[in-house]
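Chain by chain, the residues run as shown.
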Amino acid sequence: MTHTIELGIQGMTCASCVGRVERGLKKVDGVQDATVNLATERATVTYDPALTGPDVLLAKIKDVGYEPLVSTAELGIQGMTCASCVGRVERALKKVDGVLSASVNLATERASVTYLPSSVSPGQLKAAIREAGYEVLEAQAGLSREDQEREARAQEVDHLRRQVLFSTVFALPLLLIAMVPMVIPAVNDWLMATFGHGVMGTLNWIMLALALPIQFGPGRRFYRLGWKSLKNKSPDMNALVMIGTTAAFVYSLVATVAPGIFPDGTAHVYYEASGVVITLILLGKFFEAVAKGRSSEAMKKLLSLQAKTARVVRGGQELEVSTDEVLVGDLISVRPGEKIPVDGEVVSGNSFVDESMITGEPVPVSKQTGAPVVGGTINQNGALSFRATKIGADTALAQIIKLVETAQGSKPPIQGLADRVVAVFVPVVLGIAALTFLLWLIFGGQTALSFALITTVAVLIIACPCAMGLATPTSIMVGTGKAAELGVLFKGGGALEGLQDVQVVAVDKTGTLTKGKPELTDLVTTDAFTRNDVLRLVAAAEEQSEHPIARAIVDAAKTEGVALVQPEHFEAVPGFGLEARVDGHLVQVGADRYMTRLGLDTAVFTAQAERLGDEGKSPLFAAIDGQLAAVIAVADPIKDGSLEAVRALHAQGLKVAMITGDNSRTAQAIARQLGIDEVLAEVLPSGKSDAVKALQAGGQKVAFVGDGINDAPALAQADVGLAIGTGTDVAVETADVILMSGDLRGVPNAFALSRATLRNIKLNLFWAFAYNIILIPVAAGVLYPTFGLLLSPVLAAAAMGFSSVFVLTNALRLRGFRPPVNPDPAPVRAGTVRAASA
């Protein structure tokens, strides 16, 4: 069989591009034909699905130099109740031609779908969800998606509350009528003596009247959803409840209407098994819905940081508009005490702005003309006017919220086990229920039919996959939300789980362990030069560089009042230093390896260089007109919290390594101060990923912590990459974890929270699996031959509801997580990462 698919392609400009794409696609194994249309920017490909697939075709398009058009949709889904629902929606979406991947989260009630917009539309995705038996949360004018989902959850909680109250009104007398005569024999004897044996028939009719409103009132939801799941050949929890309660109700109805068809003494009714079971399951669903709402508290806090309106100056007038209506370039006015609505640049006014939600720093930041401002921060004591530079999804806060949402909706590898079990769970349960009924019918004796019914209903009711479906996503949801409050952004569940296996934490020095703002501490010259001349020439040469060490030298010269001239020539020598011509003098500045490369002997400064290195300072050498002129020492102060962070990592059993371009002596001095276990010094920027590889030798799992653009290869090479910084750009694509502020204490906190979350998930999964493994046989009646015990369907329903509530309550414990290291206190911080330094 062959399959035809359409792929959108960007970047084609001429017929040559068309030919290149066609030739590339035709080379893929399994492709029978490929035609590309330049006007529509689409490729139509006919291929054999057994030999290739859309992912391979997309990779080939990228390989030949063009960009395939792929979209991602986030869809809110209503009506999912258990892990089987999740699996059914995922399968329904993946069956749609053009869908590349689909991931559904029961806790957030969302589907994340990656698809080919040239082959499938969002409408088709929604239709697939509805065909599977669920509802899609459609966008409503004037409401954000988050507000809409919150409103839908509130409506669901309110609806369940009403259903539980309605059912309880009928279920309580039903339970009393059924159980009191059984539990208190004196009551049964009194009924018989007073009303005769016919009273039981009368009570059966009364119980029927009480059970009917429950079975076909609130119980109707199980029929609606359960029948759809059976029709789609993917039975779920609703199907189990529907089959179980219907069996009990129909059996009881026949025993009430036509008791004569049963052997004497066996025409028992089990209305309480249907009515009370439905009530208890609805009660469990109510508690579950309430707990789900609580699990997203951190996201609500983040969303509350967003301003709802902005005061925009248009046509000389101030207009208050929704932040959604703000355009890039709009002039926005902000008064004291107001939230800054979007990211921008100040054009007039002076004020202090509380940016603790971004940087974690509690000290307000001065804002004047030209200063950047970030949406969600709070203007304090002055009026500001600023020009909007980023709006909507491009703002720093929006990017942070998006990262948290993505992490909450992701699946860690540990979820794979639960998914595989759930895929076969309900069919297996139906098989066990059928076998249970058959065995009791054969070996149950005179009351075989009654026993067969009770045990089968109990098996169907107790074997609910709800807890399995909630075990992982609720813990991830609460854990990642708590992490955001602590200044840690996990990009996905894989990163959260990946930290568990890490044995070595490799840390970049400059800007991570240290402040990244070095200061000039020493300048020792040879006899042929004076300090003032060397500082003047070197500072003038370094003024063209943005390197932190260069800035330290320039700042020192300006502080001393040295006049700097513009260099006539400047050239950076990557990995070594720089060369410049200042006032007709050739100035070369760099590490000792640069002097060696220039053929200059630094032996005259050996003693000073060793002393400086032992003090943790970075010795540089300056050559003027080809002669060694001076040794210069620059010290980069250690950041507050670095020592505390290293100690906390050691306390968690982790080894800490430092990767730096500094010479070995300087690096060792820093390592001694901080108690670092291993040092990889004199590493060129391009060699950081190789340094990580060296640490990974022997199978060790390594996490790398860095903050700069040149750290990207190392972040990618590490098993888990952690980006640390203090800017307002959250676009660190290669990192798995983002630490919002520049405080290294976030690293041990990330590890501790990761471990707490994984422990929580494992406990949830253990409970979900153990509950079913132990109680399904009990419900089937394995204890009856030895102990005479049968599990009532009512108790089965209570146990099933408790299992889901247990899982949710256990996940909510993560909200009380206490970090091992406390950074400076600040409000809910929605921080960021800056990609700039060594």
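Our subject is the structure that appears above.
These remarks concern the structure in this document. (Residues numbered from 1 in each chain as written. Predicted model: local features only at pLDDT ≥ 70, side-chain atom pairs only at ≥ 80, totals over all residues. Heavy atoms only, no water.)

Listing the buried residues of helix H25 (residues 688-696) in full gives Lys688, Ser689, Ala691, Val692, Leu695 and Gln696. Buried residues of H25, seen end-on, are gathered within an arc of 155 degrees and therefore sit on one face of the element. The inward-facing, buried residues of H25 contact strand S19 (504-508), strand S26 (655-659), strand S27 (678-680), strand S28 (702-706) and helix H26 (712-717). Note on H25: the residue one or two positions beyond its end, Gly698, has a positive phi of about 90 degrees. (Buried < 20%, exposed > 50% of the residue type's maximum accessible area, 1.4 Å probe, protein only. Helix = DSSP H or I, 4+ residues; strand = E, 2+ residues; numbered from the N terminus. Arc of directions from axis to C-beta. Contact = heavy atoms within 4.5 Å.)

Turning our eyes to something else, we now look at the layout of surface pockets. Its boundaries defined by the atoms lining it, the largest pocket holds a volume of some 1200 Å³. As for the largest pocket, its lining consists of 50 residues, and the residues nearest its centre are His547, Ile549, Arg593, Leu620 and Gly661. Examining the composition of the lining of the largest pocket, we find that four residues originate from one element, strand S24 (residues 618-624), more than from any other. Among the residues making up the lining of the largest pocket, the classes are represented as 24 nonpolar, 15 polar and 11 charged. (1 Å grid on protein atoms, 1.4 Å probe; cavity = no way out; pocket = protein on both sides within 12 Å on 5 of 7 lines; lining within 4 Å. Points joined across faces, edges and corners; volume = space filled by probe spheres on them. Nonpolar A, V, L, I, M, F, W, Y, C, P; charged D, E, K, R; others polar.)

Moving on to the packing of aromatic side chains. For the structure on display, the rule yields 11 aromatic pairs. Geometrically, the ring pair formed by Trp440 and Phe451 is edge-to-face, given 5.4 Å between the ring centres and 80 degrees between the ring planes. Of this pair, Trp440 sits in helix H14 (residues 415-443) while Phe451 sits in helix H15 (residues 448-462), and the two are 11 residues apart along the sequence. On the basis of relative accessibility, which here comes to 11%, the residue Trp440 falls in the buried class. An aromatic cluster is present here, built from Phe216, Tyr223, Phe249 and Tyr271 joined pairwise through their rings. Positioned over the ring face of Phe576 is Arg593, at 5.9 Å from the centre of the ring. The ring of Phe576 has Arg597 sitting right over it, with the charged end atom 4.6 Å from the ring centre. (Phe/Tyr/Trp six-rings, centres within 6.5 Å; stacked < 30°, edge-to-face > 60°. Lys NZ or Arg CZ within 6 Å of the ring centre and 35° of its normal.)

Let's shift gears to the packing of helix H9 (residues 237-257) against H15. Look at H9 against H15: their axes get within 8 Å of each other, and the N-to-C directions meet at 155 degrees. Between H9 and H15, the angle falls in the class roughly antiparallel. Between H9 and H15 lies a crossing of left-handed hand. Contact residues: Leu240, Val241, Ile243, Gly244, Thr245, Ala247, Ala248 and Tyr251 in H9; Leu449, Ser450, Leu453, Val457, Leu460 and Ile461 in H15. (Axes fitted to C-alpha atoms, helices over the stretch in contact; angles between N-to-C directions. Parallel < 35°, antiparallel > 145°, perpendicular 65-115°, else oblique. Left-handed = near helix turned anticlockwise from the far one by under 90°.)

Glancing now at unusual backbone geometry. In terms of backbone geometry, most residues other than glycine have negative phi values and most peptide bonds are trans. Here the phi dihedral of Asp583 falls at roughly 50 degrees; this positive angle occurs in a residue that is not glycine. Assignment of secondary structure puts Asp583 in the loop between strand S22 (577-582) and strand S23 (585-590). The partly exposed category is assigned to Asp583, whose relative accessible area is 43%. Even without a glycine there, the phi angle at Asp625 is positive, about 55 degrees. On the secondary structure map, Asp625 appears in the loop between S24 and strand S25 (627-635).

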